[in-house]
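Observations on the model geometry
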Amino acid sequence: MTVISASGASPRRYTLSDFDFALPEALIAQQPAPERSASRLLDGTGPTPVDRIFRDLSSLLAPGDLLVFNDTQVVKARLFGEKSSGGKLELLIERVLGGHEVVAHMKVSKKPPLGAVLHMAGGIEGGGFTATLLGRWPDAEGALFHLRFSDDPWTLMQRHGHVPLPPYITHADSAEDERRYQTVFARTPGAVAAPTAALHFDEPLLAALEARGVARAAVTLHVGAGTFQPVKTEDLAQHRMHAEWYDVPEATQAAIAACRARGGRVVAVGTTTVRTLESWAASGQARGDTTIFITPGFRFRVVDRLITNFHLPKSTLMMLVSAFAGYEHIRALYRHAIAERYRFFSYGDAMLLERARPPEPAAAHADL
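Criteria and cut-off values
- Within each chain, residue numbers correspond to sequence positions counted from 1 in written order.
- Totals for whole chains, interfaces and linings use every residue, but because this is a predicted model, local features are given only for residues with pLDDT of at least 70 and side-chain atom pairs only at 80 or more, for both listing and counting.
- Only hydrogens and water are set aside when side-chain values are computed; all heavy atoms of the structure are taken into account.
- The salt bridge criterion pairs a side-chain nitrogen of Lys or Arg with a carboxyl oxygen of Asp or Glu, the two atoms within 4 Å.
- Here a strand is any run of E in DSSP of at least two residues, a helix any run of H or I of at least four, and the numbering for each starts at the N terminus.
- Only protein chains enter the accessibility calculation, which uses a 1.4 Å probe; a residue is then buried when its area is under 20% of its type maximum, exposed when over 50%, and partly exposed in between.
- Buried residues of nine kinds, namely Ala, Val, Leu, Ile, Met, Phe, Trp, Tyr and Cys, make up a nonpolar core once their side-chain atoms join them within 4.5 Å.
- Axes here mean lines fitted to C-alpha atoms, for a helix over just the part in contact, with angles spanning 0 to 180 degrees between N-to-C directions.
- Contact definition: two residues touch when any of their heavy atoms are within 4.5 Å.
- Under the scheme applied here, ten amino acids are nonpolar (Ala, Val, Leu, Ile, Met, Phe, Trp, Tyr, Cys and Pro), four are charged (Asp, Glu, Lys and Arg), and all others, including Gly, are polar.
- Known as pLDDT, the predictor's confidence for each residue is given on a scale from 0 to 100.

1. A word on the pattern of salt bridges
- Under the definition given, this model contains 16 salt bridges.
- For Arg 355, the salt bridge identified is with Asp 304, shortest N-O distance 3.8 Å. Here Arg 355, found in the segment after strand S19 (350–354), pairs with Asp 304, found in the loop between strand S17 (287–290) and strand S18 (305–309); they are 51 residues apart in sequence, far enough to count as distant. No difference in accessibility class separates Arg 355 from Asp 304, as the two residues are buried.
- Salt bridges here are not isolated pairs; linked through shared partners, they connect Arg 260, Asp 304 and Arg 355.

Shown next, in the form of structure tokens:
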């Protein structure tokens, strides 16, 4: 992926290795902060980082700014079962298609044949249900599986499913995870991963932001399990993003236009909101599937500020935040976060970022 510097110097070619860094395992958060808005916030809007608490956000935004949230709701999409042979398997529902049909990831030692009946949650006789394998998805070579459940998938997930915690969280899901791995304003079921930057918001903070004169709007992007898939190609141009469904309601489009008219800033809560808004801006389509891949050199059209958690090395999200705030700036912020022992990933702490203007010149980077 090549980026031309603002000075017109030789282009900087970014590769997968440019987004790697060493992260102490102890900094991977296994539990959320006791209080949502009491997590730490690294203010990266200036040239040097400032350590804050997340509830300070109300003082960092101005009257007339617009916060845009992703209102997707995490569903209990992880289901356990077995093949007719007795072999254990796990499904992670990626999408509900209608007609009791779903698209899912499957974890099993040997993939079952087309037409196989899978016995989920103990099978019909054990109070569970069956899933019939119809094929691969979206085509015969697809990595996902197309299945038909014996009853309504939403009902079955709620009754038998488990919270789909990310792979780097090592404990089994609990009632506490069901509450905390969900935003306080989630309302549109369909995600298999939480929009984690929004997990820091609670009712007192939302009230403080409203009193400050900060407006709110919502989009929907149903986060898929592909958000945790590593990039496997050193050449970023060879990476293919997974598809996720999004919606930018007319009310949100109007709120963004009104924010622009009054001179406010559009503040995206999370990378999923960025991907949604910039997909809409780039395509003109307010609803549909997006495979947008944001890397340094991307021209942002909507988002002025970004609230985001700390991301996995070599991930597409590291590339997105580097594109947004500047590659060298993000490297410096991550070095600071590691030195100050911020908590990383889904249950971790957050950053506030300003969109870089103009793009930074090409330069060699310091290792984290």
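2. Description of the nonpolar core
- Tyr 181, Leu 277, Phe 344 and Leu 353 are the most contacted members of the largest nonpolar core, which totals 65 residues.
- If you list the elements that add at least two residues to this core, you get strand S5 (66–70), strand S14 (215–221), helix H5 (250–261), strand S16 (266–269), helix H6 (271–283), helix H7 (316–325), helix H8 (327–339) and S19.
- The dominant element in this core, judged by the number of residues it contributes, is H7, at seven residues.
- Of all hydrophobic cores here, the second largest spans 23 residues; its members include Val 75, Leu 79, Met 106 and Phe 129.

3. Some details on the packing of H7 against H8
- Interaxial distance between H7 and H8 falls to 6 Å at its minimum, and their mutual angle equals 115°. Where H7 abuts H8, its residues Met 318, Val 321, Ser 322 and Ala 325 lie against Tyr 327, His 329, Ile 330 and Tyr 334.
- Partitioned by chemical class, the residues of the contact of H7 with H8 number six nonpolar, two polar and no charged.

4. As for the confidence of the model for the chain
- On average, the chain scores 93 in pLDDT, and the residues at 70 or more come to 94%.
- Segment residues 1–10: pLDDT under 50, and 26 contacts once partners within four positions in sequence are set aside and those in other chains are kept.
- Long-range and interchain partners of residues 359–368, a stretch whose pLDDT sits below 50, account for 32 contacts in this model, where long-range means more than four residues apart.

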